[in-house]
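Geometric and topological summary
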Amino acid sequence: MRESFRQAMAFLHTWLGLVLGFVLMATFFFGSLAVFDREIDQWSVPETRMQRATFPSIDRVVLPLVAQVRPSADSLDQAARQVVGPLPPVNLLKPTAFGVYSGHREPLLHIYVEFQLPNVPRDAGVDHVYASGQDLIVPRNGWHLLGGMESRLNLGSGFFFPMHFMLQASWLNIGLWIVGLAALVMMAALVSGVIVHRRLFREFFTFRSNKSQQRAILDLHNMTGVLALPFMFFMTLSGLLIYAQFYLPSNAALMGPLVEAQEQTIAARIPLPGDPAGTPGALASVDAMVEAAKVRWFEEGSAGQVASVAIFHLGDSASYVSIGRDSSDRVLSAEYLHFRASTGELLYEDPPPAAAESVNQFLYGLHYIQFRHWILRWLYFVGGLVGCACIATGFLFFVEKRKKEHVALGSQGVRVVDALAVASVIGMPLAAVAMLLANRVLPVEWPHYNVLQMAVFWFVWLAALIHAGARSRPVALGGVSPAWAEQAFAVAVFGVAAAVANWITTGDNLLKTISAGYWPVAGVDLALLAGALVALTVGLRLSRMRAPAVVHLTHSSAEIGGE
Amino acid sequence: MMSHEGLLSIALGAATAGMALLALSISSHWRQIFGKRARGLLSLVVLRGGGALLLVASFAICVRADPILMATLVWPMLLMTGAGLVSACLALQAALARATPRS
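Figured I'd write up the structure that's included with this text. Everything quoted here is computed from the prediction, not taken from an experiment.

Regarding the packing of aromatic side chains
All names here are of chain A. A complete count under the given rule lists 28 aromatic pairs over all chains for this structure. When the ring of Phe30 is compared with that of Phe160, the centres are 5.8 Å apart and the planes differ by 25 degrees; the resulting orientation is stacked. In this pair, Phe30 is assigned in helix H1 (residues 5-34) and Phe160 in helix H5 (residues 155-166), connecting sequence segments 130 residues apart. Taken as a pair, Phe30 and Phe160 share a single burial class, namely buried.

Here it is as structure tokens:
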């Protein structure tokens with residue numbers, strides 16, 4: 001039993017941090033990358049590289065294009081498993097709803113079309129089953145569908161962002177559970193870290209690089225932990241709350257009948273038809289409804305632009321149009337106005353959120369950062385990397401503190417932790433950069449292009465782990481593993497190679513993108529080169545660190561010890 | 001009317017200056033910069049009070065630049081940046097002082 005509360009907190013902080021720190025490292029690193037997910041998307045799918053255009057006319061541009069969007073093969077496969085009998089021919093499926101949306105970081109308009117299937121659902125609790133199709137609307141030579149991009153892997157929103165919250169492990173949602181557990185542990189680690197750090201205020205600004213390695217690393221761990229404490233606390237808390245209903249499904253599990261009754265009460269108050277009427281209806285000018293929405297927002301003192309337009313029960317007399325305000329000027333989420341499709345009259349306006357819902361929306365908003373604030377976005381990016389530095393220095397301190405003891409005992413413990421630390425602190429960024437390089441180098445026409453990019457990521461990360469383990473012997477002798485420097489050099493090489501490959505394969509080099517003011521691609525290239533420079537500097541410094549003095553036990557020495 | 005970026009730059013400046021004063025109110029950092037020069041109680045009060053006021057001023061400028069809910073997100077991040085800059089300067093100053101031979 002620990003002698004004091006502080007010692008108990010130190011024990012908790014050390015072992016929880018060590019065990020789940022590797023997961024938290026991934027969460028914070030990919031969270032930092034996800035801050036610029038849309039920009040990474042544009043880098044990884046060059047066909048989408050273009051300057052953002054204004055929201056087009058729904059009547060003249062979007063509606064004619066809706067008929068061209070077909071349900072995707074994946075969606076049809078999934079729907080076929082949920083219904084009785086064969087699906088009707090695809091060309092006979094009519095769109096029953098669609099939506100278009102854009103954002104200040106989206107160069108193109110996303111279109112999403114829903115097709116209600118006439119088949120009876122297998123699940124008696126489900127009213128209808130739908131198939132869906134997606135595409136991008138491009139403002140080039142008039143407006144048209146981009147086509148073929150819906151299945152392309154967007155490295156930012158399609159890979160790095162899911163890595164952040166579910167580790168790309170969807171089997172039984174195990175990734176969500178692991179990240180949730182790590183987030184809970186992070187809260188405990190933050191609180192216990194504050195309790196353990198006795199001289200929190202006196203050492204607030206302290207970094208003693210001239211002291212022992214162990215002292216310097218602890219100073220850095222304390223400093224990064226304290227400086228980024230508010231950021232890490234609120235990111236972790238809001239992340240847990242976003243998935244609170246998943247981790248603690250109290251609504252569904254404990255209050256099923258009450259929840260249904262509540263949903264019915266709310267639905268009764270909202271005059272938006274949940275089902276089509278079954279009779280045909282006309283569609284009034286949606287552009288006029290968009291203008292009416294802008295006027296209403298202006299009159300309410302929240303003038304703004306449109307971010308999304310959706311039409312439900314398309315072609316039916318019960319059809320309505322939902323118009324969402326571009327809320328990139330605020331932390332809270334979007335507001336919607338709903339119009340009757342046949343006449344354009346305002347049917348319903350989402351009421352202002354109640355206090356609890358406002359707090360909920362604020363916490364969502366501060367985590368998802370959909371707002372337009374480039375300075376804050378960059379500060380979030382830096383904050384995430386500071387969080388990574390805090391976790392990484394925690395690993396290093398664990399190793400340095402126990403190195404001498406483990407060397408004396410002949411234990412391999414610090415060697416194992418050090419190898420895992422190399423793989424997570426440097427190996428993980430290495431895998432990410434290798435994936436970006438593969439994105440540019442692998443032929444797009446290859447049928448398994450998406451899978452190959454992901455395979456490169458996992459293979460490089462596994463190789464980094466194996467390399468770290470194989471090169472870790474000096475740690476068991478009290479030295480520094482050369483894997484740190486070697487993998488840092490690899491990051492530098494891959495980073496420069498990815499930026500050069502982008503130039504060769506797309507013609508977009510820094511001179512061109514910066515002079516054109518095309519910052520999404522310029523930003524990613526600059527980050528790759530800056531990261532390469534940092535990695536090179538770190539690699540050079542680490543490679544100059546002395547190897548441990550290796551003591552070779554001779555036969556006579558062993559005899560003296562054993563008499 | 002100053003630009004949004006201009007206002008936030010001033011807010012960062014105020015946060016950094018505030019953190020610098022608070023750092024100097026810590027005896028180890030006072031000694032690092034001013035050597036054996038005594039630091040009286042009045043100086044301590046001025047340093048801590050002035051530092052706190054500058055941090056509050058930084059928040060006020062953030063509220064001027066952005067809606068208040070956005071400012072509550074921007075301000076802690078500017079504090080983190082300011083404190084980081086001050087820590088880096090103190091570490092660099094200490095390294096330079098060690099590298100400079102004493103006359």
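Side note on the interface of chain B and chain A
Residue-level contacts link 27 residues of chain B with 27 residues of chain A. In total, chain B and chain A occlude about 2,100 Å² of area from one another, counting both sides; carbon and sulfur atoms represent 80% of this. Inspection of the chain B/chain A interface yields zero salt bridges. Among the secondary structure elements, those contributing two or more residues to the side of chain B that touches chain A are helix H1 (4-24) and helix H4 (68-99) of chain B.

Observations regarding H5 of chain A
Residue and element names in this part refer to chain A. Along H5, the residues that are buried comprise Leu155, Gly156, Phe159, Phe160, Pro162, Met163, His164 and Met166. Buried residues along H5 sit against H1, helix H2 (37-44), helix H6 (174-196), helix H13 (355-368), helix H15 (413-441) and helix H16 (449-470). Of the residues flanking the end of H5, it is Leu167, one or two places downstream, whose phi is positive at about 55 degrees.

Brief notes about the packing of H1 of chain A against H5 of chain A
Residues and elements named next belong to chain A. Taken N-terminus to C-terminus, the directions of H1 and H5 make an angle of 145 degrees; their axes are 8 Å apart at the nearest point. Relative to H5, the crossing made by H1 is left-handed. Across the interface between the two elements, Thr27, Phe30, Gly31, Leu33 and Ala34 from H1 touch Phe160, Phe161, Met163 and His164 from H5. When grouped by side-chain class, the residues that make up the contact of H1 with H5 number six nonpolar, three polar and no charged.

Some remarks on the pairing of strand S7 (residues 336-340) of chain A
Residues and elements named next belong to chain A. For strand S6 (residues 320-325) and S7, the ladder comprises five bridges, and the chain directions are antiparallel. Following the sheet pairing, Tyr320 is matched in S7 by Arg340. One ladder, built from three bridges, connects S7 with strand S8 (residues 346-349); its direction is antiparallel. Note on S8: the bridge partner recorded for Phe339 is Leu346. The antiparallel pairing of S7 with S8 creates a hairpin that spans five residues between the two strands, and Gly344 there sits at a positive phi of about 80 degrees.

The rules we used
Residues numbered from 1 in each chain as written. Chains lettered and ligands numbered in written order. Predicted model: local features only at pLDDT ≥ 70, side-chain atom pairs only at ≥ 80, totals over all residues. Heavy atoms only, no water. Phe/Tyr/Trp six-rings, centres within 6.5 Å; stacked < 30°, edge-to-face > 60°. Helix = DSSP H or I, 4+ residues; strand = E, 2+ residues; numbered from the N terminus. Buried < 20%, exposed > 50% of the residue type's maximum accessible area, 1.4 Å probe, protein only. Contact = heavy atoms within 4.5 Å. Buried area = accessible area lost by both parts, 1.4 Å probe. Salt bridge = Lys/Arg side-chain N within 4 Å of Asp/Glu carboxyl O. Axes fitted to C-alpha atoms, helices over the stretch in contact; angles between N-to-C directions. Left-handed = near helix turned anticlockwise from the far one by under 90°. Nonpolar A, V, L, I, M, F, W, Y, C, P; charged D, E, K, R; others polar. Pairing = 2+ DSSP bridges.

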